[in-house]
Number of protein chains: 2
Amino acid sequence: MTLERTVMREQIKELIIQRILDGTYKPGDRVVELQLVNELGVSQAPVREALRDLKAMRFVDSEPYRGARVRAVTAEELSETYPVRARLEQLAGELATPCVDDKLLRQLDAELQAMRTAARDRDQHGLLIHDARFHELIVEAAGNSVLLDAWSGLRIEVFTLVSLIKSNLDLAAVANAHLPILDALRQGDPDLVGKEMRAHIESFADLVTGDQR
Amino acid sequence: MTLERTVMREQIKELIIQRILDGTYKPGDRVVELQLVNELGVSQAPVREALRDLKAMRFVDSEPYRGARVRAVTAEELSETYPVRARLEQLAGELATPCVDDKLLRQLDAELQAMRTAARDRDQHGLLIHDARFHELIVEAAGNSVLLDAWSGLRIEVFTLVSLIKSNLDLAAVANAHLPILDALRQGDPDLVGKEMRAHIESFADLVTGDQR
DNA sequence: TCACGGCAGATTATCGATAATCAATAGTCT
DNA sequence: AGACTATTGATTATCGATAATCTGCCGTGA
């Protein structure tokens, strides 16, 4: 995974993702192939392939002969993501519980502490990173690669960021909302972990989509 | 969707998928770019792009400079798919129930009848198509595009086919297993529909993976 | 014999150029 | 004026060729 840093397509892909996440490319913006070709001094082929990957990752939309546009994270898609994510993470919690070990608990605890630190520093981006990683650790621990793929496809980072921005939540509260999950994992009750994870996601769904109705 | 039949990449993609599904390309087989280039009389670019799409669709695996191979549908991946699919379809059933109308019920009934016909004719492939379409109709009816994407990523057709082959199930029984779902939909109880769909998937999981332990 | 280095052959990744297609605008006819 | 067609500029899709990389095989030397 780290051995392929020489493949141009990957570098281009990461550059574009970075620009989408940091706002250089805004939703709806066109991503023009030749423009990147000129800017980066590469050929069109790797740029095209990068864009193709990004389409599969749902970062951009594209149609034949019409090019790629940064996908808007619509309120609709945001609210549609929550129920799917809630069910997948519920399953992840149930599957992961029998597999928890001290190492995982330590890692989760470290992410939680990092979230608290980020919250104290008003560091939205930092909170986002560690929040996403906390959940990812659990999904990985479930040991089901199909589940991991499906979950990864939801682009949690993007939506978590939007959630954070839309809801004027207290960052510390967001961080601490992960505590019940960690506690449940320590208890080792799969169904409880699943319920906590599902409730965790659904509570955010309510907060973010609730104020729009 | 049907207007882009002139884009070569799409045609190549469908050709390869067809060959994977009908067994021309077997799991583990290499899919060599230049070989297709010569055979189809096209350039390398569209072949590469087709393969890139297929990788995103998990039909093939590929690594830089090492090419693409048809992804083996391992028993492990098969059994990992079931729980994920079960939860997603449970959610789909719950969401779809309030949206049920006569048209949908008619379509579902038509697919069910088609499954029965296929079963009578010992037509595994036909059963597979209509089985997949039955489920797809419900997931579409849920009206959640994120859910639809996540579900589509599971490549139901592939796994249903493998399931059918591995389990020496009576095809008619497979067809009729969809009846409780249709009944529940007619009753209009979301939770019941969800439960039926989940149970439907999980029963197949037991049948297919059960005999391997 | 066996480990090692390095040369083919095969294959993928990238390039630069051309063809195909699209979107917008100008021009023509009624 | 309004509707319709032709042209043009911009962009994507495809091509054919070259560079980069991998894999297996062969000879060499201990």
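These numbers come from a predicted model, not from an experiment.

J.: Even after reading the chapter, I still don't get the protein's contact with DNA strand C, so can you show me in this structure?
T.: The environment of DNA strand C is formed by 19 residues, the closest being Met-8, Ser-43 and Arg-66 of chain A together with Arg-48 and Tyr-65 of chain B. In DNA strand C, atoms within 4 Å of the protein come 76% from sugar and phosphate. Residue Arg-30 of chain B places a side-chain N or O atom 3.2 Å away from a sugar or linking oxygen belonging to DNA strand C. Of all the secondary-structure elements, those providing two or more residues to the surface near DNA strand C are helix 1 (8-21) and helix 3 (44-56) of chain A together with strand 1 (30-31), helix 2 (33-40) and helix 3 (44-56) of chain B. Residue classes in the surface near DNA strand C are distributed as ten nonpolar, four polar and five charged.

J.: Got a minute to help me understand the confidence of the model for chain A in this structure?
T.: Parts of the prediction with low pLDDT should not have their coordinates interpreted in detail. Summing up the model confidence of chain A, the mean pLDDT is 88 and the portion of residues at 70 or higher is 90%. Within chain A, no element has a lower average pLDDT than helix 8 (residues 156-166) of chain A, which sits at 66, and none a higher one than helix 10 (residues 179-187) of chain A, at 97.

J.: Hey, could you run me through the packing of helix 4 (residues 75-96) of chain A against helix 6 (residues 124-141) of chain A in this one?
T.: How two helices sit against one another is set out by the angle between their axes and by the gap between those axes. Residue and element names in this part refer to chain A. The N-to-C vectors of helix 4 and helix 6 enclose an angle of 55°; their axes lie 7 Å apart at closest approach. It follows from the interaxial angle that helix 4 and helix 6 lie oblique. Read as a crossing pair, helix 4 and helix 6 show a hand that is left-handed. For the pair helix 4 and helix 6, the contacting residues are Arg-85, Glu-89, Ala-92, Gly-93 and Ala-96 in the first and His-135, Ile-138, Val-139 and Ala-141 in the second. Considered class by class, the residues forming the contact of helix 4 with helix 6 number five nonpolar, two polar and two charged.

J.: What is the right way to read the interface of chain B and chain A from this model?
T.: When the parts come together, some accessible area is lost, and that loss is often what is quoted as the size of the interface. Counting from both sides, the interface comprises 28 residues of chain B and, opposite them, 29 residues of chain A. On the chain B side of the contact with chain A, Arg-52, Arg-87 and Val-146 of chain B bury the most area, a combined 25% of that side's loss. Here chain B and chain A share ten salt bridges between them. Of the charged contacts, one joins Arg-58 of chain B and Asp-149 of chain A as a salt bridge, the two residues approaching to 1.7 Å between their closest N and O atoms. Across the chain B-chain A interface, the total number found is 14 residue pairs in polar contact (both at pLDDT 80 or more). Residue assignment for the side of chain B that touches chain A shows that the elements contributing at least two residues are helix 3, helix 4 (75-96) and helix 7 (145-152) of chain B. For the side of chain B that touches chain A, the element with the most residues is helix 4 of chain B, which contributes ten residues. Per-class residue counts for the side of chain B that touches chain A are eleven nonpolar, five polar and twelve charged.

J.: I tried to follow the pattern of salt bridges on my own but got confused; where do I start?
T.: Where charged atoms of side chains with opposite charge meet at close range, the side chains can pair. What the rule picks out here adds up to 44 salt bridges over all chains. With a closest N to O distance of 3.8 Å, Asp-121 of chain A and Arg-120 of chain A form a salt bridge. Judged by relative accessible area, which is 48%, Asp-121 of chain A ranks as partly exposed. Under the relative-accessibility criterion, Arg-120 of chain A is labelled exposed at 60%. One salt bridge in this structure joins Glu-202 of chain B and Arg-198 of chain B, with 3.0 Å as the shortest N-O distance. Taken together, the residues span about one helical turn, with Glu-202 of chain B and Arg-198 of chain B both in helix 11 (residues 190-210) at a distance of four residues. Overlapping salt bridges bring together Arg-9, Glu-10, Lys-13, Glu-49 and Asp-53 of chain A together with Glu-33, Arg-48 and Arg-52 of chain B as one network.

J.: In this structure, what is going on with the protein's contact with DNA strand D? I would like to understand it.
T.: Around DNA strand D lies a shell of 20 residues, among which Arg-48 and Tyr-65 of chain A together with Met-8, Ser-43 and Arg-66 of chain B are the nearest. Sugar plus phosphate, as a fraction of atoms of DNA strand D within 4 Å of the protein: 76%. The contact in question runs from a sugar or linking oxygen of DNA strand D to an N or O atom on the side chain of Arg-30 of chain A, over 3.2 Å. In this structure, Arg-48 of chain A approaches DNA strand D through a side-chain N or O atom, which is 2.5 Å from a phosphate oxygen.

J.: Which parts of the structure should I look at to understand the relation of the copies chain B and chain A?
T.: To go from the first copy of the chain to the second, apply a rotation about an axis and then a shift along the same axis. The transform that puts chain B on chain A rotates by 180° and translates by 0.1 Å along the axis, for an RMSD of 0.2 Å. On this basis, the relationship between the two copies can be described by a two-fold rotation axis. Comparing interface residues between copies, 100% of those in chain B also lie at the interface in chain A; the contact surface is shared.

J.: In this structure, what is going on with the environment of Leu-147 of chain B? I would like to understand it.
T.: As for its placement among the helices and strands, Leu-147 of chain B is situated in helix 7. Judged by relative accessible area, which is 0%, Leu-147 of chain B ranks as buried. Leu-147 of chain B sits 58 residues away from Glu-89 of chain B along the chain, and the two C-alpha atoms are 9.0 Å apart. When sequence neighbours within four positions are dropped, the list of residues in contact with Leu-147 of chain B reads Val-84 of chain A together with Leu-88, Leu-91, Ala-92, Leu-95, Val-139 and Ala-142 of chain B.

J.: What exactly am I supposed to notice about the layout of surface pockets here?
T.: Empty space among the atoms becomes visible once a probe the size of a water molecule is rolled across them. Estimated volume of the second largest pocket: approximately 520 Å³. Lining the second largest pocket are 24 residues, and of these Glu-33, Arg-48, Arg-52 and Tyr-65 of chain A together with Arg-9 of chain B sit closest to its centre. Elements supplying a minimum of two residues to the lining of the second largest pocket: strand 1 (30-31), helix 2 (33-40), helix 3, strand 2 (60-63) and strand 3 (67-70) of chain A together with helix 1 (8-22) and helix 3 of chain B. The greatest single-element share of the lining of the second largest pocket, amounting to five residues, is contributed by helix 3 of chain A. For the lining of the second largest pocket, the per-class residue count stands at eleven nonpolar, four polar and nine charged.

J.: For this particular structure, what's the right way to read the environment of Asp-53 of chain A?
T.: Its place among the elements puts Asp-53 of chain A in helix 3. In this structure, the C-alpha to C-alpha distance between Asp-53 of chain A and Arg-9 of chain A, residues 44 residues apart in sequence, is 9.2 Å. Among residues more than four places away in sequence, those in contact with Asp-53 of chain A are Arg-9 and Lys-13 of chain A together with Arg-52 of chain B.

J.: What is the right way to read the pairing of strand 2 (residues 60-63) of chain B from this model?
T.: Within a regular beta strand, the side chains point alternately toward one face of the sheet and then the other, so they alternate between its two faces. Relative to strand 3 (residues 67-70) of chain B, strand 2 of chain B is paired through four bridges, and the arrangement is antiparallel. Considered in strand 3 of chain B, the bridge of Asp-61 of chain B is made with Arg-69 of chain B.

J.: Which parts of the structure should I look at to understand the sheet that holds strand 2 of chain A?
T.: All names here are of chain A. Strand order across the open sheet formed by three strands is 1-3-2, with antiparallel pairing between neighbours. The sheet terminates laterally at strand 1 and strand 2, the two strands that pair on one side only. Contacts between helix 3 and the sheet are confined to strand 1, strand 2 and strand 3, with strand 2 contributing the most and set at about 115° to the helix.

Rules and cut-offs
Residues numbered from 1 in each chain as written. Chains lettered and ligands numbered in written order. Predicted model: local features only at pLDDT ≥ 70, side-chain atom pairs only at ≥ 80, totals over all residues. Heavy atoms only, no water. Near = heavy atom within 4 Å. Polar contact = N/O pair within 3.5 Å; in protein donor to acceptor, adjacent residues only side chain to side chain. Helix = DSSP H or I, 4+ residues; strand = E, 2+ residues; numbered from the N terminus. Nonpolar A, V, L, I, M, F, W, Y, C, P; charged D, E, K, R; others polar. pLDDT = per-residue confidence, 0-100. Axes fitted to C-alpha atoms, helices over the stretch in contact; angles between N-to-C directions. Parallel < 35°, antiparallel > 145°, perpendicular 65-115°, else oblique. Left-handed = near helix turned anticlockwise from the far one by under 90°. Contact = heavy atoms within 4.5 Å. Buried area = accessible area lost by both parts, 1.4 Å probe. Salt bridge = Lys/Arg side-chain N within 4 Å of Asp/Glu carboxyl O. Buried < 20%, exposed > 50% of the residue type's maximum accessible area, 1.4 Å probe, protein only. Least-squares fit on C-alpha atoms with pLDDT ≥ 70 in both. 1 Å grid on protein atoms, 1.4 Å probe; cavity = no way out; pocket = protein on both sides within 12 Å on 5 of 7 lines; lining within 4 Å. Points joined across faces, edges and corners; volume = space filled by probe spheres on them. Pairing = 2+ DSSP bridges.

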